[in-house]
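# What the coordinates show
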Amino acid sequence: RQKLQQDAPDSPSESSSSGSEPWLCEGIIVKVMNQDLAGGKYYRKKGKVVRVRQQFAAEIRMVEGRDLIRLDQEMLETVIPNLGKPVMVVKGPFRGKAARMR
């Protein structure tokens, strides 16, 4: 198995130019949006967050290929599930709560 590591920023203030809050949660499905990582191998590919590190970084188990990679949340976007499927609230007062898409 291959493990890639992208260095995470040293402080939360460096994690985003807009100073956004952390939204990573274990168990959610995300999409890699960094074209330069591994020559584009993971670009627009889905993975599951298996561990959150330093609030703004996570270990991602890729769905295709089962590789384990560590990325900053700036390089990821959430995947919205289909209607009727479970969803995790990642921001706001209900952060961490499970819901169902309707």
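Criteria and thresholds
- Residues numbered from 1 in each chain as written.
- Predicted model: local features only at pLDDT ≥ 70, side-chain atom pairs only at ≥ 80, totals over all residues.
- Heavy atoms only, no water.
- Core = buried A, V, L, I, M, F, W, Y, C linked by side-chain atoms within 4.5 Å.
- Buried < 20%, exposed > 50% of the residue type's maximum accessible area, 1.4 Å probe, protein only.
- Helix = DSSP H or I, 4+ residues; strand = E, 2+ residues; numbered from the N terminus.
- Salt bridge = Lys/Arg side-chain N within 4 Å of Asp/Glu carboxyl O.
- Polar contact = N/O pair within 3.5 Å; in protein donor to acceptor, adjacent residues only side chain to side chain.
- Pairing = 2+ DSSP bridges.
- pLDDT = per-residue confidence, 0-100.
- Contact = heavy atoms within 4.5 Å.

Our focus in this paragraph is the nonpolar core. Grouped together as the largest cluster of nonpolar side chains are 17 residues, with contacts concentrated most on V32, I60, I69 and L76. For this core, the secondary-structure elements that each account for two or more residues are β2 (29–32), β4 (57–62) and β5 (68–72). Take this core: its biggest share by element is three residues, from β4.

Backbone geometry follows two general trends: most residues other than glycine have a negative phi, and most peptide bonds adopt the trans configuration. The backbone of A38 shows a phi angle near 50°, a positive value even though the residue is not glycine. Tracing the backbone shows A38 in the loop between β2 and β3 (46–53). The backbone phi angle of Q54 is positive, close to 55°, even though this residue is not glycine. Positionally, Q54 belongs in the loop between β3 and β4.

This brings us to the pattern of salt bridges. Inspection of the entire model under this criterion finds three salt bridges. When the shortest N-O distance is used, the salt bridge between K41 and D67 registers 3.2 Å. Taken together, the positions of K41 in the loop between β2 and β3 and D67 in the loop between β4 and β5 put the pair 26 residues apart, joining distant regions of the chain. Owing to a relative accessible area of 42%, K41 belongs among the partly exposed residues under this scheme. With a shortest N-O distance of 2.7 Å, E59 and R53 are connected by a salt bridge. Its relative accessible area of 7% is what places E59 among the buried residues.

On the basis of relative accessibility, which here comes to 10%, the residue D67 falls in the buried class. Within polar-contact distance, the side chain of D67 engages the side chain of Y42 at 2.6 Å.

Here the focus is the pairing of β4. Along any regular strand the residues' side chains alternate between the sheet's two faces. In terms of residue burial, β4 counts as a mostly covered element, since five of its six residues are buried. Summarising the sheet, β3 and β4 pair through six bridges and their orientation is antiparallel. Within β4, the residue paired with V49 across the bridge is I60. As consecutive antiparallel partners, β3 and β4 are separated by three residues, and within that stretch Q54 has a phi angle of approximately 55°, a positive value. Sheet topology places β4 next to β5; five bridges connect them, and they run antiparallel. Following the sheet pairing, E59 is matched in β5 by R70. Two successive antiparallel strands, β4 and β5, enclose a turn made up of five residues, where G65 displays a positive phi of approximately 100°.

Averaged over every residue, the pLDDT of the chain is 85; residues scoring 70 or more account for 81%. In this model, residues 8–18 is a region of pLDDT below 50 whose contacts with residues beyond four sequence positions or in other chains number 13 contacts.

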